[in-house]
Amino acid sequence: MASALQAEIALARGDFELDLRIEVGAGECVALVGPSGAGKSTALRALAGLARPERGCVALGSDRWLDTQAGVDVAVEDRRVGYVFQEYALFPAMSAWRNVAYGMRSGSRAEQQARARESLAGLGLADRADSRPAELSGGERQRVALARALASDPDLLLLDEPLAALDVQTRAGASRELAGVLGEASIPAVLVTHDFAEAALLADRIAVLDRGRIVQEDAPAALAAAPRTAFVADLTGAVVLRGVARSGDDGLTVVELDGGGRIASTDPAAGPVAASVFPWEIELDHRGPATGSALNHLPVVVTSVTEFGNRARVGLAAPQPLAAEVTSASVARLGLVPGAEVEASWKATATRVTAL
Amino acid sequence: MRSSFAFRALATAALALLLAFLAIPLVAIFVEAGPGELISSLGREGAVEALWLSLRTSLMALAVIVVVGTPAAYLLARRRFRGRALVITLIELPLVLPPAAAGIALLAAFGPNGLVGGAIEDAGIRLVLETAGVVVALTFVAAPFYVRGAIAAFESIDPALIDASRTLGAGEGRTFLRVAIPGARPGLGSGFALAWGRALGEFGATLFFAGSLEGRTQTAPLAIFEFLARDFNASLALAAVLVVVSAALLLSVKLFGRSPDGLGAAS
């Protein structure tokens with residue numbers, strides 16, 4: 001039976017202090033997002049037991065891995081974590097299947113090999129099982145690392161920038177596949193990334209980390225709609241909308257958004273996609289006949305208005321949630337309050353489309 | 001243009017001089033006496049025994065060095081602690097220690113009246129003028145060559161590989177055996193070859209500590225010296241064998257360093 005992760009970690013290294021509390025339910029994926037140096041990887045290492053917090057506790061259900069007050073500190077090898085490292089850390093002298101079988105804790109050699117090959121086949125790597133890491137492409141390595149982390153039958157899955165080492169073309173496919181694996185997993189997962197869009201696609205919940213502390217934690221859309229600070233607002237970056245793309249007339253790509261609505265982009269794409277647009281590219285206006293050069297118009301309802309400094313993030317409910325960033329002056333002029341019905345517009349040229 | 005040509009000519013001449021100076025003595029060993037003469041001289045009493053003793057004692061020393069030095073080097077490569085630099089300097093000291101000083105130091109430590117000599121004697125172990133003493137002397141002078149290479153080899157392993165092994169349920173011991181050693185293999189191999197070469201050539205420390213008793217402590221380098229006055233050809237023959245063996249070891253260092261499968265410590 002999978003159990004939830006509960007962790008409190010306080011750790012100091014020189015000037016840097018990490019102090020966070022995190023809870024992840026079974027089957028849930030929480031992303032720690034923040035700029036480099038925010039302490040994301042250190043947090044992950046502390047959960048795995050690779051870094052030792054000064055104070056804190058880490059527990060999976062009733063299983064206590066760390067409790068500094070009670071003097072409990074279970075060794076890394078006894079914690080049952082599946083860890084996907086940033087550059088994958090595959091053992092270079094071992095074939096793919098041996099890498100996967102390395103962490104298996106039960107069964108005979110032959111059974112382990114069969115299971116390793118099976119799990120590789122499940123990720124489309126049946127014919128690469130005997131290859132060494134150096135002979136594999138980046139995407140293949142990432143899948144081997146994922147298979148290896150899961151093969152040890154872990155109670156907690158930890159992923160450190162699992163897509164950062166991949167090139168842009170490979171990343172879309174790998175991200176879709178990873179989302180599939182995370183969706184099926186019944187154990188808690190903690191993902192670390194500096195890319196908000198990636199976190200929004202993969203995680204159920206996002207915890208924004210800044211200089212060792214969680215500054216805000218929420219569902220991806222809610223976070224983009226109502227950032228508590230300018231730091232979070234800048235970090236959340238683009239709003240992501242899912243849909244299906246096809247090429248339209250006039251050479252543009254048309255994306256039929258899941259749940260309704262249609263937008264255009266200058267990026268070529270077909271099939272399931274993620275369309276993204278920065279909140280500061282979105283213009284809000286009273287509903288009415290379209291004027292100007294923006295091609296994309298969605299009727300939206302304001303759900304929240306969060307002001308920071310001279311600007312405000314406006315949470316919007318279209319079929320899919322999105323957010324616009326406008327000046328405080330515009331908030332007053334347009335009467336933007338929760339419940340207000342307005343229209344969101346932005347240009348096709350400001351719409352990035354990536355295949356899923 | 002002219003000056004750069006002149007410089008190149010000078011540099012080429014310097015290289016030629018260096019090569020000639022280094023190569024002529026080596027060539028001379030093989031030219032001074034014909035191959036037939038060399039081989040028959042090896043049959044001289046004591047020559048083959050000396051070679052055999054060198055082989056045995058150096059391999060025994062290497063076995064000790066590898067068994068003790070490998071985990072010690074791993075610890076030094078993985079851990080950062082106060083005094084680590086001092087420990088490494090101590091380990092490296094025999095590299096620069098004059099062999100005669102090393103021999104005297106060994107006598108002062110393990111000799112009959114030495115610092116710990118009494119305890120060793122009480123345990124029933126005799127070192128001075130014994131084959132075991134040769135092994136001690138070789139271990140002392142050769143160990144740093146291996147340990148230095150091993151530390152560098154372990155340091156070059158991606159720490160994430162060690163972490164990955166631990167998260168996959170392998171304890172420190174299993175990680176050391178299954179991940180660290182395979183990863184460090186090229187560096188360990190070349191360290192081994194260098195240490196072996198040093199042990200085979202050892203002269204001073206062995207002479208001072210273990211003496212030069214034929215059949216018991218007289219290794220090949222000591223035999224070369226011993227034969228010099230009486231039978232120059234026998235000296236030459238032994239020297240020729242050592243040159244060939246040393247060249248083979250150096251070659252193996254280069255081969256290990258290349259790590260042909262591209263999966264060396266650096267990857």
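How each quantity is defined
- Residues numbered from 1 in each chain as written.
- Chains lettered and ligands numbered in written order.
- Predicted model: local features only at pLDDT ≥ 70, side-chain atom pairs only at ≥ 80, totals over all residues.
- Helix = DSSP H or I, 4+ residues; strand = E, 2+ residues; numbered from the N terminus.
- Rg over C-alpha atoms; globule rule 2.2 N^0.38 Å.
- Buried ≥ 20, exposed ≤ 12 C-beta atoms within 10 Å, placed from the backbone.
- Contact = placed C-beta atoms within 7 Å.
- Nonpolar A, V, L, I, M, F, W, Y, C, P; charged D, E, K, R; others polar.
- Domains from an automatic or database assignment.
- Axes fitted to C-alpha atoms, helices over the stretch in contact; angles between N-to-C directions.
- Parallel < 35°, antiparallel > 145°, perpendicular 65-115°, else oblique.
- Left-handed = near helix turned anticlockwise from the far one by under 90°.
- Pairing = 2+ DSSP bridges.

Let us look at the overall build of chain A. Counting its regular elements, chain A contains nine helices and 21 strands. Expected size for 356 residues packed as a compact globule is a radius of gyration near 21 Å; at 22 Å, chain A falls within 12% of this value. Once the C-alpha set of chain A is aligned to its principal axes, its extents read approximately 70 × 50 × 35 Å. Counting the 356 residues in chain A, one finds 46% classified as buried. In chain A, of all internal contacts separated by at least 6 residues, the share reaching a separation of at least 24 is 66%.

Here we take up the interface of chain A and chain B. Every contact between the two is made by 18 residues of chain A and, on the other side, 16 residues of chain B. Looking at the side of chain A that touches chain B residue by residue, the class counts come to twelve nonpolar, two polar and four charged.

All names here are of chain A. Split into domains, chain A comes out as domain 1 (5–228) and domain 2 (239–355). At the junction of the two partners, domain 1 supplies nine residues and domain 2 supplies 14 residues. Among the secondary structure elements, those contributing two or more residues to the side of domain 1 that touches domain 2 are α6 (196–202) and α7 (220–225). Looking at the side of domain 1 that touches domain 2 residue by residue, the class counts come to nine nonpolar, no polar and no charged.

Another point: the packing of helix α8 (residues 159–167) of chain B against helix α9 (residues 172–201) of chain B. Each pair of packed helices gets described by two things: the angle between the helix axes and the distance between those axes. Residues and elements named next belong to chain B. Contact geometry for α8 and α9: axes closest at 10 Å, N-to-C directions at 160°. Judged by the angle between their axes, α8 and α9 are roughly antiparallel. In this structure, the crossing between α8 and α9 has a hand that is right-handed. Contacts between α8 and α9 involve L161, I162, S165 and R166 on the former and, on the latter, T175, R178, V179, A180 and G183. Among the residues making up the contact of α8 with α9, the classes are represented as four nonpolar, three polar and two charged.

A separate point is the environment of N296 of chain A. Residues and elements named next belong to chain A. Residue placement: N296 occurs in strand β17 (residues 296–308). Residue class for N296 comes out buried when judged on the 23 C-beta atoms lying within 10 Å of it. Along the backbone, N296 and E343 are 47 residues apart, and their C-alpha atoms lie at a distance of 10.0 Å. Residues in contact with N296, not counting those within four places in the same chain, are I263, A264, S345, W346, A348 and T351.

Residues other than glycine seldom take positive phi values, yet A89 of chain A does so here, at roughly 50°. With respect to the helices and strands, the residue A89 of chain A is situated in the loop between β7 (81–84) and α2 (96–101). Despite not being glycine, L129 of chain B has its phi angle at roughly 60°, a positive value. As for its placement among the helices and strands, L129 of chain B is situated in the loop between α6 (117–122) and α7 (131–155). L129 of chain B gets classed as partly exposed once you count the C-beta atoms within 10 Å, which come to 15.

Residues and elements named next belong to chain A. Of the strand pairs in this sheet, strand β12 (residues 239–247) and strand β13 (residues 253–257) are connected by five bridges, and their pairing is antiparallel. Paired with V244 across the two strands is E256, which belongs to β13. What sits between the antiparallel neighbours β12 and β13 is a turn of five residues, in which D250 has the positive phi angle 50°. Relative to strand β14 (residues 262–265), β13 is paired through four bridges, and the arrangement is antiparallel. Note that in β14 the partner of E256 across the bridge is R262.

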